[in-house]
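Overview (structure and organization)
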Amino acid sequence: MSNVVASDAPTMRSFFANRFVQSIMLSGLLLQIGIWIRNFAILLYVTDMTNNDPYSVSLISVAEFAPIFIFSFIGGAFADRWRPKLTMVWCDILSAVSVFVIMITLYYGSWKAIFFATLVSSILSQFSQPSGMKLFKVHVHESQMQMGMSLFQSMMAIFMILGPIMGTFVYYHFGIEVAVAIMGVCFLLSALALTFLPADRKNEGEAEKPSTHIFAEMGQGFKYVLKNKMLVTLGGCFAVAGLAIGLISPLGIFLVTENLGLPKDHLQWFMAANGIAMILGGGVTMGFSKKVSPQALLIVGMSVSVVAFAVLGLTHLVWVALLMQFFSGFVMPAIQIGISTMILGNTEEEFVGRVNGILNPLFMGAMVLTMSLAGRIKASFSLESIYVTSAVLFLIGVFIMLPTLKYKASAAAQPKAEEANAG
């Protein structure tokens, strides 16, 4: 249950006047700039250094997502123990320091050091992200959560358009060193923005609580999830969706160059089409979100993605591929808002970090598995068969989620913290 203290009904004005919302949005804006410039600059840099080697390209994604699988649960458990604001600030500071060290190494040493720029920031984000989710539940009124998620989705969608353009521009005009330096500066500025967050609260009776070992708290998190039918079902959906996304996410550049016969820098325009669609889809989803259950949003979004992924792999027509990219982006807010709402709506505040830490590895672990194999699979199978396989996996995810349609949000069994803590 949210700890937001509000005597009056929340309004749009009160939402944007919320100091937490202002600070977290500014931080998110700075991080999006740094991360998108980093991601596209590194992608183009590695393809240049390896002559478009698919194995090396897939390693970029592994460096970005493998730490999510390895450290997500650990980070989530510590997010439930540590002071969330302080955790987020220090994670951004340490990320910036690591980036500047890597930039020096890159300048004097091997170009392969570039992979560590992604690796280190990805590890630290596993401690920062669940802390942000925890603060979101504390400082944003329950009725405004979907508004907040939609706002974040809209910002991410804008950077789906601007990010690839910025990354391509910075890399081709200034080089990889400047791109990595910009990332480091953005992390520092994000840390500065986070210092304006409301001070961390101390739970009443915190001193009276017996201290428990971190492994005991991890075990409590697993018990909590296993007693919640909705979260268990969502975990199964996460796993197959991760397999599907990991299979195709490193191969977008080959879809552009091989299936469509375009130069590799045209990938930015496909990302832009996806981003425009996400902005429009975010607005539509926000309008329907109060009338449709989050599980219905998720199922509809995944069903459209099944068709989009299959057609993307089969078509050799640029306009058809762009149209499918648009549809894929249009339903992405429905998928992400549905997932976030289901997690927050079925999780008590003190377990938010651990629930995220359990569910995210199911998705990320499956994604990293197929992502790490994507280069080898690409060498043995056609892009068409790989994309169709991804669509089939998404279809399995739809079937897993269908039984949840009969559950109302209020009827979703939610275990009490005391039950999870017992034993």
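The structure contained in this document is the topic of the report that follows.

Parameters at a glance
- Residues numbered from 1 in each chain as written.
- Predicted model: local features only at pLDDT ≥ 70, side-chain atom pairs only at ≥ 80, totals over all residues.
- Heavy atoms only, no water.
- Axes fitted to C-alpha atoms, helices over the stretch in contact; angles between N-to-C directions.
- Helix = DSSP H or I, 4+ residues; strand = E, 2+ residues; numbered from the N terminus.
- Parallel < 35°, antiparallel > 145°, perpendicular 65-115°, else oblique.
- Left-handed = near helix turned anticlockwise from the far one by under 90°.
- Contact = heavy atoms within 4.5 Å.
- Nonpolar A, V, L, I, M, F, W, Y, C, P; charged D, E, K, R; others polar.
- Core = buried A, V, L, I, M, F, W, Y, C linked by side-chain atoms within 4.5 Å.
- Buried < 20%, exposed > 50% of the residue type's maximum accessible area, 1.4 Å probe, protein only.
- Expected span 1.5 Å × (residues − 1).
- Phe/Tyr/Trp six-rings, centres within 6.5 Å; stacked < 30°, edge-to-face > 60°.
- Lys NZ or Arg CZ within 6 Å of the ring centre and 35° of its normal.

1. Let's talk about the packing of helix H10 (residues 252-259) against helix H15 (residues 383-401)
- At their nearest, the axes of H10 and H15 sit 11 Å apart, and the two run at 140° to each other. In this view, H10 runs oblique relative to H15, as classed from their interaxial angle. Seen along the crossing, H10 lies across H15 with a hand that is left-handed. Here Gly-252, Phe-254, Leu-255, Glu-258 and Asn-259 of H10 come into contact with H15, specifically with Leu-383, Glu-384 and Tyr-387.
- The residue inventory of the contact of H10 with H15, partitioned by class, reads four nonpolar, two polar and two charged.

2. Regarding the nonpolar core
- Grouped together as the largest cluster of nonpolar side chains are 98 residues, with contacts concentrated most on Phe-20, Leu-234, Leu-298, Met-302 and Val-355.
- Examining the composition of this core, we find that 14 residues originate from one element, helix H2 (residues 19-50), more than from any other.
- Phe-20 has contacts with Gly-132, Leu-135, Phe-136, His-139, Val-140, Leu-197 and Pro-198, leaving out every residue within four places of it along the chain.

3. Examining the environment of Ile-276
- Structurally, Ile-276 is set in helix H11 (residues 267-288).
- Ile-276 gets classed as partly exposed once you look at its relative accessible area, which sits at 43%.
- The spacing of Ile-276 and Ile-161 is 115 residues in sequence and 6.6 Å in space, taken between C-alpha atoms.

4. A closer look at helix H12 (residues 294-314)
- In a regular helix each residue adds 1.5 Å, so 21 residues correspond to 30 Å; H12 covers 31 Å between its end C-alpha atoms and thus fits that length.
- With respect to burial, H12 is a largely interior element, 15 of its 21 residues being buried.

5. Regarding the packing of aromatic side chains
- For the structure on display, the rule yields six aromatic pairs.
- With 6.2 Å between their ring centres and 20° between their planes, Phe-326 and Phe-330 make a pair best called stacked. In this pair, Phe-326 and Phe-330 both sit in helix H13 (residues 318-345), four residues apart, roughly one turn of the helix.
- What makes Phe-326 partly exposed here is its relative accessible area of 24%.
- Put simply, the rings of Tyr-45, Tyr-171 and Tyr-172 pair up and form one aromatic cluster.
- When the ring centre of Phe-254 is taken as reference, the NZ or CZ atom of Lys-378 above it lies at 5.2 Å.

Worth remembering: the numbers are spatial, not functional.
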